[in-house]
Protein chains: 2
Amino acid sequence: MAQSDAYIYATYRVVDKPNQLQARADGIAIGLTVGSWTDLPQSKQDSVRQHCGIVASIEEVDAGARPDGTVTADITIGYPVINFTPTFAALLTTVFGKLSMDGLIKLVGLQIPEPFARAFPGPKFGVNGIRDRLKVYNRPLLMSIFKSCIGNNLDELTAHFTEQALGGADLIKDDEIFFTEAYATPEARVEAYTKAMERTRRETGKDVLYAVNLTGPVFELRDRARRLSDLGAGALLLNVFAYGLDVLRELAADPDIQVPIMAHPAVSGALYAAPQHGIAADILLGQLLRLGGADIVIYPSPYGSVTLERTVGQQLVSALRTPGPHNVCLPAPSAGIHPGLVPILLQDMGVDFIVNAGGGIHGHPDGATAGGQAFTAAIDAALAGVPLAEAANHSEPLRKALLRWGEAK
Amino acid sequence: MAQSDAYIYATYRVVDKPNQLQARADGIAIGLTVGSWTDLPQSKQDSVRQHCGIVASIEEVDAGARPDGTVTADITIGYPVINFTPTFAALLTTVFGKLSMDGLIKLVGLQIPEPFARAFPGPKFGVNGIRDRLKVYNRPLLMSIFKSCIGNNLDELTAHFTEQALGGADLIKDDEIFFTEAYATPEARVEAYTKAMERTRRETGKDVLYAVNLTGPVFELRDRARRLSDLGAGALLLNVFAYGLDVLRELAADPDIQVPIMAHPAVSGALYAAPQHGIAADILLGQLLRLGGADIVIYPSPYGSVTLERTVGQQLVSALRTPGPHNVCLPAPSAGIHPGLVPILLQDMGVDFIVNAGGGIHGHPDGATAGGQAFTAAIDAALAGVPLAEAANHSEPLRKALLRWGEAK
Ligand SMILES: [Mg+2]
Ligand SMILES: [Mg+2]
C-alpha cells in the first residue's frame, strides 16, 4: 500500500460479498469526505479532489467465501489530512463515525502520518520523564492499587496509603471508581498523602507517586488538574474512555499541568472487545492513548481474569513503544498480577513497564506492606536472575507470597 | 426485582457456567463498590455497608446449557447512589468500566432512580420547546442534511443552504464529519445562513433551524456553544460519542446556551452494535442521551442500509419518550429515508419525530428544493390519509420522487 503524508489510512475488517467490496470502499472514500463527486461540474471537481478520500487497498483475508457467499476482507481508505482538525473528535467521527454502525465492521488499522501526529501532544513525561522523577532506572516500577476507597474517611485512606508506601511501591493509585467526594476530595487526598509520604520516605528512603483520580465535571477537569499538579500530585489517573480522548489530549498539551497522566482502560472493553465490531485494542489503548499523551497506560494483562489475548497485548505494547514523534509510554499490564508472575512479566516486557497489583499486594497473609515487600524482592531476584524460590530464603514476605500464589512458569 | 431509590440497577447479559453466576455477581457487587468486605472489622462493616453493592437478581435467559456448559444469564446489580457524582464518567466507570473488559458481557439494562436522574439536565427544549421555536405542531418536522460540506467555500455552502431551505425543510443540519474550518468557521456559517434564511423566509414563510456542527477543542466547546447560541444558531449538532457524554450533559445544563442540542450517533456503533459486548443501543442512544440533555436524537433507522433492528429502534424511541423527570426528545431515524417511506414512518413514529433525509432530498431528479417539496407533500398527504400515489397528482416533485424511489409498503 503506497503511503502518503497527505492521508490518514484506516483499515476496516468487514464481512461482505466479494462483488460488493469495491463499491463499498468507493462509497466510504467519497461518502465520508466530500459526500458526492460525479455530479459536480468539472471546475468544482478539481478544487474538491484534494478533499476526496481514496481506496488504498481491498484484501480478502478469508481462505474462501462462506456458505452465504460473504468473505472477510480488509478495506483500507485514505482520508485527506486536510479534512481534519487535530482532535480525536474529528479523527474518530470521520474514520469510524457512521461506519461504526455499518454492520460487521471493525477498525483494525490506523496509520497517521507524522506531520499530523505531531499536532497531538504525546506523553509529556513518558518512560524517561517518570524515571527521572523517581530516580529509578533499569528496573520495572511497582504500583500498588488502593484496595478500597469508597466509604473510607481521610484518616483511614491515609493509613491505607502509608501501609502501601512502606511496602516499597513506586506508585500508588486510586481506585478508578472513586468519584464521591463525601469523605475526601482529590485535593485533600493529595495533601494528606504528601504529608504521609514525608514520613514513609524517612523509613524507606523512597519517593512515591500518588496517582489521584481526576474526577468531576468535564469542563472543570483542566482547572482541577492544574490545582492537583500544583499541590504535588504524583500522577493523574484519568478514565479516558469515560471522559473522552480529547480530554486526555488537552490535559497532556497543557503546560500548566506538570504531572504524568495515567490512562485507565475503564469502559474501553465496550469499544475493543467484540470480534467483529468496534476498534481494535492496540489502536485504542496503544496508538490513540500515546498520541493523546498518556504517560502510563493501564491495560488488561494476559495473566489475570480480565484478559487480553497475548498477541493483542504485544501489539498494544509495541504501539506504546515503537519509535515515532512522541515519547514512549509506560505500559501497566493489570489484573491478576502476583509476585510469582514477576519473572514472566520481565521476560515478556523488558524493564520499562509497571508491575501493577491490587489483590496481589493486599491479599498477602501479612498485609499490604509485606505484600509490597514481596514484590520488590521478586523484582530484585528476577533482575539478578535468581529463582524466586531461592530468593524466598532471604525474604519472608516473598516466601509467604509464593505459598499463597505460587510461581507461574 | 425490588427497586429502591438508593440504588442504580445495572443488568448485564453474560455467558458463564451456571455455578459461577452467584460468585461472579457477588464479585461485581462488592468489587465495584467497596472493594472488599469480609475482612473488615465489624465496626467498619457497619459504616461501609451503605456503600456496598447488592445482587438484585440472577436470571438464566437460555433454555439450557450449551455443550461447553455455559448459559446466558442476566445479572442485575444495585450500586448505591451515594457512591456516584451525577456525571456520566462516574456512572459509566462504575457500572461498565472494568466490567466492559470482562469477557462476554453486555450492559442491557440500567435503572436510574428519579432523584439521581434529576441531577442530570435532560433536554432543555425537547419536543415542545422545538415546536414552539418553529411554531409547527401536529406534524413531523422535516430535516435536510447538507450533502457535502468539506471543500466548499462559504458562498457555495450558503447557496446549498438556500436550495434546501426553499424546499421547505424545518431544520438543516451540517454533515457530522465537517470539522475543518479552512473555508468557513461555524460562526461564519451561522451568520451567513441566518442572512440567507431572511431571504428564503420571504418566499416560504417558514423558519429554519440550522444545526451547526459544534467542533473544536473540547475545553473550548462551551464558549463556542455560547457564542453560536448568541449568533442565532438553530441547533447545535454534537458528536456526543466522539466528545464524551459529559460534554453533552454540561452543555445542556448551561443556562447561557439557549439552543437545542442535536446528538449525532457517530462512533456509537462501536459501543452498541456487538451482540455480546458493549452497551445496548436503547440505553446508549435512548436513555443516556435523554438524561444528558439531547433535544434531538439521530439514530440509525430500521429502513436504510445503516440499520438498527426494529425492536431495538422501538425500545430506543420509547426511552426518549417514556414519562419521567425530563423533557421528551425528538427522535430522528436516519439513513435511507425517502418520500415513499413517509406513511410508514408516521405509522411507526406518530407525529413527534423528525423526517431526516440527505440522499432522499439531494438525489431528487430536480434537485434539493424539489426534493424537500416532495417530502412536504408526502408528509401532508400521509397526515391527511391521502395515498401518496394520489397526492402525486397534485405535486410534481412528489410524483418524480415516487418514480425515483417508489413507495414503501
Ligand atoms: Mg478497582
Ligand atoms: Mg454525512
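Residues numbered from 1 in each chain as written. Chains lettered and ligands numbered in written order. Predicted model: local features only at pLDDT ≥ 70, side-chain atom pairs only at ≥ 80, totals over all residues. Heavy atoms only, no water.

As recorded in an unreviewed UniProt entry, chain A goes by 2,3-diketo-5-methylthiopentyl-1-phosphate enolase and comes from Alicyclobacillus cycloheptanicus.

**Student:** Is there a simple way to explain the pattern of salt bridges in this structure?
**Tutor:** Any two side chains of opposite charge can pair if their charged atoms end up close together. Residue and element names in this part refer to chain B. Following the criterion strictly, the structure yields 43 salt bridges over all chains and no others. Arg139 is the salt-bridge partner of Asp170, the closest N and O atoms lying 2.9 Å from each other. Remark: Arg139 occurs in the loop between α5 (126–134) and β5 (141–145) and Asp170 occurs in the loop between α6 (154–166) and β6 (171–173); sequence separation between them is 31 residues. We note that Asp170, like Arg139, is buried. (Salt bridge = Lys/Arg side-chain N within 4 Å of Asp/Glu carboxyl O. Helix = DSSP H or I, 4+ residues; strand = E, 2+ residues; numbered from the N terminus. Buried < 20%, exposed > 50% of the residue type's maximum accessible area, 1.4 Å probe, protein only.)

**Student:** Where do I start with the sheet that holds strand β8 (residues 235–238) of chain A in this structure?
**Tutor:** For sheets, the rule is that strands pair by backbone hydrogen bonds, running either parallel or antiparallel. Residue and element names in this part refer to chain A. Spatial strand order, β12-β11-β9-β8-β7-β6-β5-β13: eight strands in an open sheet with parallel pairing. Here the strands that pair on one side only, and so sit at the sheet edges, are β12 (330–334) and β13 (354–357). Across the sheet, the axes of successive neighbouring strands diverge by a mean angle of 25°, strand direction being ignored. Relative to strand β6 (residues 171–173), strand β5 (residues 141–145) runs parallel, the two sharing three bridges. Within the sheet, the bridge partner assigned to Ile145 lies in β6 and is Lys173. (Pairing = 2+ DSSP bridges. Axes fitted to C-alpha atoms, helices over the stretch in contact; angles between N-to-C directions.)

**Student:** Please clarify how the side chain of Ser100(A) should be interpreted in this entry.
**Tutor:** With respect to the element layout, Ser100(A) can be found in the loop between α3 (88–96) and β4 (105–111). Within the local environment of Ser100(A), its side chain forms a polar contact with the backbone oxygen of Gly97(A), the two atoms lying 2.8 Å apart. Setting aside chain neighbours within four positions, we find Ser100(A) in contact with Val267(B), Ser268(B), Gly269(B), Ala270(B) and Ala273(B). (Polar contact = N/O pair within 3.5 Å; in protein donor to acceptor, adjacent residues only side chain to side chain. Contact = heavy atoms within 4.5 Å.)

**Student:** Explanation requested: the environment of Ser318(A) in the structure shown.
**Tutor:** Residues and elements named next belong to chain A. Relative to the elements of secondary structure, Ser318 occurs in helix α13 (residues 310–321). Of the residues examined, Ser318 reaches a relative accessible area of 41% and is grouped as partly exposed. As for Ser318 and Gln287, which are separated by 31 residues in sequence, their C-alpha atoms are 9.0 Å apart.

**Student:** How do you make sense of the relation of the copies chain B and chain A when you look at a structure like this?
**Tutor:** Relating one copy of the chain to the other requires a rotation about an axis plus a shift along that axis. Each copy superposes on the other: chain B lies on chain A with an RMSD of 0.0 Å after a rotation of 180° and an axial shift of 0.0 Å. As the rotation angle and translation indicate, the two copies are arranged about a two-fold axis. Mapped onto chain A, 99% of the interface residues of chain B are again interface residues, and the two copies thus contact each other with one and the same surface. (Least-squares fit on C-alpha atoms with pLDDT ≥ 70 in both.)

**Student:** Even after reading the chapter, I still don't get the coordination of the magnesium ion (ligand 1), so can you show me in this structure?
**Tutor:** Six octahedrally arranged donors around a metal ideally form angles of 90 or 180 degrees; four tetrahedrally arranged donors ideally form angles of 109.5 degrees. Distances from the magnesium ion (ligand 1) to its protein donors, Asp175(A) (OD) and Lys98(B) (NZ), fall at 2.1 to 2.8 Å. With one member in each of two chains, Asp175(A) in the loop between β6 and α7 (186–204) and Lys98(B) in the loop between α3 (88–96) and β4 (105–111) form a pair that bridges those chains. Using a relative accessible area of 6% as the deciding quantity, one classes Asp175(A) as buried. (Donors = N, O, S within 2.8 Å, 3.2 Å for Na, K, Ca; no water.)

**Student:** Is there a simple way to think about the interface of chain B and chain A in this case?
**Tutor:** Much of the literature gives interface size as the accessible area that the parts lose upon coming together. On the side of chain A, 68 residues touch chain B, which itself brings 69 residues to the contact. Both sides together, the interface formed by chain B and chain A hides about 5700 Å², and carbon and sulfur atoms give 63% of it. Our enumeration of links across chain B and chain A arrives at one salt bridge. Between Lys98(B) and Glu176(A) there is a salt bridge, and its shortest N-O distance comes to 4.0 Å. Listing elements by their share of the side of chain B that touches chain A, those giving two or more residues are α2 (42–49), α3, α8 (221–231), α9 (240–243), α10 (245–253), α11 (269–272) and β10 (277–279) of chain B. At six residues, the largest contribution of residues to the side of chain B that touches chain A is made by α3(B). Considered class by class, the residues forming the side of chain B that touches chain A number 32 nonpolar, 26 polar and eleven charged. (Buried area = accessible area lost by both parts, 1.4 Å probe. Nonpolar A, V, L, I, M, F, W, Y, C, P; charged D, E, K, R; others polar.)

**Student:** What is the right way to look at the environment of Asn393(B) in this model?
**Tutor:** Relative to the elements of secondary structure, Asn393(B) occurs in the loop between α17 (388–391) and α18 (396–405). With 26 residues separating them in the primary sequence, Asn393(B) and Gly367(B) have C-alpha atoms 19 Å apart.

**Student:** Sorry if this is basic, but what is going on with the sheet that holds β6(B) here?
**Tutor:** All names here are of chain B. In spatial order, the strands read β12-β11-β9-β8-β7-β6-β5-β13; together these eight strands make up an open sheet with parallel pairing. Taken across any chain shown, the strands that pair with only one partner, and hence form the sheet edges, are β12 (330–334) and β13 (354–357). On average, adjacent strands in this sheet sit at an angle of 25° to one another, irrespective of strand direction. The sheet contact formed by β5 and β13 spans four bridges and is parallel. From the neighbouring strand, Met143 faces β13, where its bridge partner is Asn356. Its contacts with the sheet place helix α14 (residues 342–349) against β11 (296–300), β12 and β13, and it is angled at close to 140° to β12. Most of the contacts of helix α16 (residues 368–384) go to β5, to which it runs at about 160°, and overall it touches β5 and β13.

**Student:** For this particular structure, what's the right way to read the packing of aromatic side chains?
**Tutor:** By the definition in use, this model includes 19 aromatic pairs over all chains. Where Tyr193(A) meets Tyr210(A), the ring centres are 4.5 Å apart and the plane angle is 70°; that geometry is what we call edge-to-face. Placement of Tyr193(A) in helix α7 and of Tyr210(A) in strand β7 (residues 209–213) is noted, with a sequence separation of 17 residues between them. The pair formed by Tyr193(A) and Tyr210(A) is uniform in burial state, with each residue classed as buried. What links up through ring pairs into an aromatic cluster is the set Tyr79(B), Phe84(B), Phe88(B), Phe116(B) and Phe120(B). (Phe/Tyr/Trp six-rings, centres within 6.5 Å; stacked < 30°, edge-to-face > 60°.)

**Student:** Whenever I open this one, the domain arrangement of chain A confuses me. Can you help?
**Tutor:** Residues and elements named next belong to chain A. Under the domain assignment, chain A is made up of domain 1 (7–117) and domain 2 (126–405). For domain 1 and domain 2, the distance between their C-alpha centroids amounts to 37 Å. Each partner contributes to the interface: domain 1 provides 20 residues, whereas domain 2 provides 18 residues. Across the domain 1-domain 2 interface, the total number found is zero salt bridges. (Domains from an automatic or database assignment.)

**Student:** Teacher, can you tell me more about unusual backbone geometry here?
**Tutor:** The phi angle of most residues is negative, glycine excepted, and most peptide bonds adopt the trans form. Residue and element names in this part refer to chain A. Its identity as a non-glycine residue notwithstanding, Val267 has a phi of 75°, on the positive side. When you line up the elements, Val267 lands in the loop between β9 (261–263) and α11 (269–272). By relative accessible area, Val267 is classed as buried at 3%.

**Student:** Help me out: how do you make sense of the packing of helix α12 (residues 281–292) of chain A against α13(A) in this one?
**Tutor:** Pairs of packed helices are described in terms of their axes, by the angle between the two and the distance that separates them. Residue and element names in this part refer to chain A. Interhelical geometry of α12 versus α13 gives an angle of 15° and a closest axis separation of 8 Å. Accordingly, the angle class assigned to the pair α12 and α13 is roughly parallel. Here α12 runs over α13; the crossing is right-handed. In this structure, α12 uses Ala281, Asp282, Leu285, Gly286, Gln287 and Arg290 to contact α13, whose residues at the interface are Val312, Gln315, Leu316, Ala319, Leu320 and Arg321. (Parallel < 35°, antiparallel > 145°, perpendicular 65-115°, else oblique. Left-handed = near helix turned anticlockwise from the far one by under 90°.)

**Student:** Help me understand the environment of Glu59(B), please; the structure alone is not making it clear to me.
**Tutor:** All names here are of chain B. Locating Glu59 in the fold gives a position in strand β2 (residues 54–60). Along the backbone, Glu59 and Pro18 are 41 residues apart, and their C-alpha atoms lie at a distance of 9.9 Å. If near-sequence neighbours (up to four positions away) are discounted, Glu59 is found in contact with Thr72, Ala73 and Asp74.

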